[in-house]
Amino acid sequence: MQLRGKAATAFAAVAVAAACGWFLLRDVPQPTAASPPQRPAGTPPERATPSPASAFPQAAPVVDAATIPVAAAACAGEPWKAQPGDPCAFAMDRQFFGERVPPVRLFSGHAGWHIKEEDEALAAARERGDPPMPTWRDVFGDAEADRARAEAALADVVCSEGGDGARRIACAADAVAAAGLLQEACVKPLAADGLRIPWSPPGDVPHGFFEPAEKTEIWRRRVEWLDADPDLTPEEYWTLRQRAEDAMYRYAWRVMRCASLPESVLTWFEKLPTPTGEAFDRDQSKALYDFAALHGVEWAEARLRLLPTIRSAPPQVLED
């Protein structure tokens, strides 16, 4: 896969500004006039105060360390290399473990995140009145125990007959739902990164689709799209740019957490059909949500409404 020549320039800049973090880190933007002047496409809006150093900087201004987001500072633009327990992983754990999983379908590849689509999906979830989702700590924090409880519940004949919520605890419905969310969060992202491809024949060595530099280049496209929009006000630009940075770190963290799970946690449940790897059949989350919804887990029922409408596709590849 070929990346544009400017990627090399960008990464040289990253090395210089690594201690300052990735993307342009934010301080509070200054108020703007009601009708801000137009700017040429491809030119980021100016701010009245000096900005911290960027991952793709034009210059390297002095940075107030107190304004640097912890994950960006600790990871220094390289979240793809984080391993549990190192400073980067610790910083991302602190930033993301307490967040709720969004009440929309999780994107599963580096090219799959888009601000507009995310906003539309979140607005639809609010309009539907979808119940609150678990936190990421609920997903990753007790995965092995949830797996064991889910297996026992799926094997219980009484539980398999369904219910009205009265057997929610006895049938470990919340653990089953968590197992479904874990598969939704991990199976396809790990395959997209070539770390674990459960539909491949036994003995096949997973192929890594993207090198770290290639992943960063894919995410950098979000910044270029913002840079090319002359209609954004400074507040809008820096808000959207912060979201792009957060989304990159959050996805890198999710892949790291998924990759660190014991193999047994993500193996297929024997009581459920084995996924083929074809579109709409890449994990067992739908069957797991079905079981949990029958026993009164409302967010699992809401999640079920999303599954048939999502299009499954391999990660897009950058082209010149």
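Rules behind the numbers
Residues numbered from 1 in each chain as written. Predicted model: local features only at pLDDT ≥ 70, side-chain atom pairs only at ≥ 80, totals over all residues. Heavy atoms only, no water. Salt bridge = Lys/Arg side-chain N within 4 Å of Asp/Glu carboxyl O. Buried < 20%, exposed > 50% of the residue type's maximum accessible area, 1.4 Å probe, protein only. Core = buried A, V, L, I, M, F, W, Y, C linked by side-chain atoms within 4.5 Å. Contact = heavy atoms within 4.5 Å. Disulfide = S-S within 2.5 Å. Helix = DSSP H or I, 4+ residues; strand = E, 2+ residues; numbered from the N terminus. Expected span 1.5 Å × (residues − 1). Axes fitted to C-alpha atoms, helices over the stretch in contact; angles between N-to-C directions. Left-handed = near helix turned anticlockwise from the far one by under 90°. Nonpolar A, V, L, I, M, F, W, Y, C, P; charged D, E, K, R; others polar.

A.B. asks: Would you mind going over the pattern of salt bridges with me for this structure?
C.D. replies: Note on pairing: side chains with opposite charge can pair once their charged atoms come close. Enumeration over the complete set of coordinates arrives at 17 salt bridges. Between aspartate 130 and arginine 128 there is a salt bridge; the shortest N-O distance is 2.7 Å. The class for aspartate 130 is buried, based on a relative accessible area of 16%. Salt bridges linked by common partners bring Arg105, Glu184 and Arg303 together as one network.

A.B. asks: Sorry if this is basic, but what is going on with the nonpolar core here?
C.D. replies: Across soluble globular proteins, nonpolar side chains have a tendency to be buried as a group. Within the largest apolar cluster, 55 residues are counted, with the highest numbers of intra-cluster contacts made by Met92, Phe140, Leu182 and Cys186. Sequence-distant contacts of methionine 92, that is, excluding residues within four places in its chain, are made with Ala71, Cys75, Pro79, Ala82, Phe97, Tyr249, Trp253 and Met256. Core analysis: the next-biggest nonpolar cluster, separate from the first, contains 13 residues, Ala150, Leu154, Cys171 and Leu272 among them.

A.B. asks: Please clarify how the state of the cysteines should be interpreted in this entry.
C.D. replies: What makes a disulfide is a covalent bond joining the sulfur atoms belonging to two cysteines. In this structure the tally under the stated criterion is 3 disulfides. Disulfide pairing places cysteine 159 opposite cysteine 171 at an S-S distance of 2.0 Å. Classification of the bridge connecting cysteine 159 and cysteine 171 rests on its S-S torsion, roughly -90°, and on that basis the disulfide is left-handed. A residue pair is termed long-range when its members are at least 10 positions apart, and cysteine 159 in helix 7 (residues 157-160) and cysteine 171 in the loop between helix 7 and helix 8 (173-192) qualify at 12 residues. For cysteine 186, the disulfide goes to cysteine 258, at an S-S distance of 2.0 Å. Looking down the S-S bond of the cysteine 186 and cysteine 258 bridge, the torsion is -75°, so its handedness is left-handed.

A.B. asks: I keep staring at helix 9 (residues 212-227) and nothing clicks. Help me out?
C.D. replies: Along an α-helix, residues three or four apart share an orientation, since each turn contains 3.6 residues. Counted at 1.5 Å a residue, the expected span for helix 9 with its 16 residues is 22 Å, and the 23 Å between its end C-alpha atoms agrees. Counting buried residues in helix 9 gives 13 out of 16 residues, a clear majority hidden from the surface.

A.B. asks: How should the packing of helix 6 (residues 143-155) against helix 8 be read in this particular structure?
C.D. replies: Any two packed helices are characterised by how steeply their axes cross, that is the angle between the axes, and by the distance between the axes. In contact at an axis separation of 8 Å, helix 6 and helix 8 are set at 120° when each is read in the N-to-C sense. Where helix 6 crosses over helix 8, the handedness of that crossing is left-handed. The residues of helix 8 that touch helix 6, namely those facing Ala143, Asp146, Arg149, Ala150 and Ala153, are Ala175, Val176, Ala178, Ala179 and Leu182. Classifying every residue of the contact of helix 6 with helix 8 gives 8 nonpolar, no polar and 2 charged.

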